[in-house]
Amino acid sequence: MSQSRPQRLRDPVHGLIVFLESDPLDQLAWRLIDAPEFQRLRRIKQLGVSEFVYSSATHTRFAHSIGVFHTARSLVKIIRREIGNAFDPERAEVAVIAALLHDLGHGPFSHTFEGVQESRGANKRHEKWTAEIIRNSDGGIRPLLEAHWEDGEFCEAVATLVEAEDPEDIYHAIVSSSFDADRLDYLRRDRLMTGTGAGAIDFDWLMEHVRVREIRIEPDEEDDGLRVPTFCLDRKALPAAEQFLLSRYTLHEQVYFHKTTRCVEHMIGRLLRQVATQANRRANVEQQTGLRVDHPLLRFLRPDGQTLENYLALDDVVVMAAMESMLDANDPIISSLATRLRERSLYKTLDLTAFGHDVGLQKRAARRIDRDFKDKIGNEAIMKDEGATISIYTQIGGDDDKMHKKLHILDGKGIPREITDMSAFIRALATKSEFTRYYFENESDRESARSPKGKLS
């Protein structure tokens, strides 16, 4: 009599990811992966447009989310080991499934698309979309979750944890903390898939030295202030913790905020905002955009179009395919940007570091460029990228100043201390560095901005 085998997925980061038939939570996860809302993540790239720079960076949020689920199960084992009889198996189940589903609400090109929504007055981040997808009574996720617990409250528990901004217990740390399952997967996956040599982390050693301790959420409060348990690292792991944060810093500097990647993101953002402008006008929208009037992109970008159904109809594939039709748009901004993106004829970048690393000199250059090109900045001719910062705690689209998002190390007395208190190396990287870049449609404008008449004015 043959014995049935568990479901297995091969993963380049984690090896075999196994779903045991005897484990109800594993089987729930397996069914959730087959839901249409989760399968949609196959069509959303984890790194958006990074493939314009790193040709192999085509991995998806689908693969990442399964990796996060696998890592979350490992963190649950650590919690069980650390807190013993206080372990809450139901709360752990909520956290593991929340980890699996945490990215359901990402739109095409992820954070770039969030920026387009914000520019249209819709301040709804992907966490809120995720919670709405989970709660959707007409979707494929909610029925599976409600059937997992007899009282049917599992669905709401998962959605609440996904959208929670502040931690309440150690299980929240699995989904959102300085050492959560999300970053433990993407740091390794993004490094592998981009082929960047820097940024390796000692994953096994870090996991071996994870501890659960309470920290103050508001460090300026007295000792009786609000405390919550979170993941900390034993002092033996300090060198590995330093490398962990350096890895994050390196990936942000070399991958996430790469000048060409940011340029493409701005071009796509400008294109989609112009499509939204035409969608709002409604007059001759097919001719102006090159898209049929009922195209999913136009449906969502209309003032009354931000529905869950319209949102779920969008992904990277839909938008990239739409660019083929946009080539014939009557709107010159739409047709020009669509053509340039299709042919990778990108804008030319000028980073203020080209004028040296003296901040005062950079600010002088920025004032001069803003003055000389004031009629072109902000439209399709020149786009300005400012306000982005990089530090050891940088988190794209997130709040990196909250205490539970900072890494804590146990000192000689076993007391959690934020790592910059213990590491001069990390302390040097903790200060946020801001960068400003300009993206020029014409090479001649960039050269003029770089050195007008051969010198700075």
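Presented here is a report on the structure given in the accompanying data block. Because the structure is a prediction, the values reported are computed rather than measured. (Residues numbered from 1 in each chain as written. Predicted model: local features only at pLDDT ≥ 70, side-chain atom pairs only at ≥ 80, totals over all residues. Heavy atoms only, no water.)

**Observations concerning the environment of Glu418**
Examined against the element boundaries, Glu418 turns out to sit in strand E8 (residues 416-418). Between the C-alpha atoms of Glu418 and His404, which are 14 residues apart in sequence, the distance is 10.0 Å. Not counting residues up to four positions away in its chain, the partners in contact with Glu418 are Tyr393, Lys406, Leu407 and His408. (Helix = DSSP H or I, 4+ residues; strand = E, 2+ residues; numbered from the N terminus. Contact = heavy atoms within 4.5 Å.)

**So, the packing of helix H1 (residues 24-33) against helix H4 (residues 89-101)**
In the contact formed by H1 and H4, the axes pass within 11 Å of each other and the chain directions differ by 20°. Considered as vectors, H1 and H4 are oriented roughly parallel to each other. Once H1 is placed against H4, the crossing between them reads as right-handed. In contact with Leu25, Leu28, Ala29, Leu32 and Ile33 of H1, H4 contributes Glu93, Val96, Ile97, Leu100 and Leu101. (Axes fitted to C-alpha atoms, helices over the stretch in contact; angles between N-to-C directions. Parallel < 35°, antiparallel > 145°, perpendicular 65-115°, else oblique. Left-handed = near helix turned anticlockwise from the far one by under 90°.)

**Some details on the sheet that holds strand E6 (residues 382-390)**
Taken in spatial order, the three strands make up an open sheet running E5-E9-E6, and their pairing is antiparallel. Two strands lie at the open edges of the sheet, namely strand E5 (348-351) and E6, each paired on one side alone. In this sheet, neighbouring strand axes are inclined to one another by 25° on average, regardless of whether the strands run parallel or antiparallel. In this sheet, strand E9 (residues 433-440) lies alongside E5 in antiparallel orientation, the contact comprising four bridges. Within E9, the residue paired with Leu350 across the bridge is Tyr438. (Pairing = 2+ DSSP bridges.)

**Re the layout of surface pockets**
A probe as big as a water molecule, rolled over the atoms, marks out the empty space that is left. By volume, the second largest pocket amounts to about 560 Å³. Within the residue set of the lining of the second largest pocket, elements represented by two or more residues are helix H12 (238-256), helix H19 (359-372), E6 and E9. Per-element accounting of the lining of the second largest pocket gives the leading share, five residues, to E9. Grouping the amino acids of the lining of the second largest pocket by side-chain chemistry returns seven nonpolar, five polar and seven charged. (1 Å grid on protein atoms, 1.4 Å probe; cavity = no way out; pocket = protein on both sides within 12 Å on 5 of 7 lines; lining within 4 Å. Points joined across faces, edges and corners; volume = space filled by probe spheres on them. Nonpolar A, V, L, I, M, F, W, Y, C, P; charged D, E, K, R; others polar.)

**What about the side chain of Asp190?**
Within the secondary structure, Asp190 sits in helix H10 (residues 181-194). For the buried Asp190, which has no salt bridge, the nearest side chain bearing the opposite charge is Arg189, at an N-O separation of 6.2 Å. Reaching out from Asp190, the side chain makes a polar contact with the side chain of Tyr256 at a distance of 2.6 Å. Residues within four places of Asp190 in sequence aside, it is in contact with Gln46, Leu47, His59 and Tyr256. (Buried < 20%, exposed > 50% of the residue type's maximum accessible area, 1.4 Å probe, protein only. Lys, Arg positive; Asp, Glu negative; His and termini not counted. Salt bridge = Lys/Arg side-chain N within 4 Å of Asp/Glu carboxyl O. Polar contact = N/O pair within 3.5 Å; in protein donor to acceptor, adjacent residues only side chain to side chain.)

**Topic: the packing of helix H17 (residues 316-326) against helix H18 (residues 332-343)**
Orientation of H17 relative to H18, taken along the N-to-C sense of each, is 120°, at an axis distance of 9 Å. For the element pair H17 / H18, the angle class is oblique. You can see that H17 and H18 cross each other, and the crossing is left-handed. Each of Met323, Glu324 and Met326 in H17 lies in contact with H18, whose residues at this interface are Ile334, Ser335, Ala338, Leu341 and Arg342.

**Quick look at the nonpolar core**
If you look at the biggest cluster of nonpolar residues, it comprises 126 residues, and the most contacted ones within it are Leu101 and Leu145. In terms of nonpolar packing, the next biggest core, distinct from the first, is built from 12 residues, Ala366, Ile369, Ile382 and Ala449 among them. (Core = buried A, V, L, I, M, F, W, Y, C linked by side-chain atoms within 4.5 Å.)

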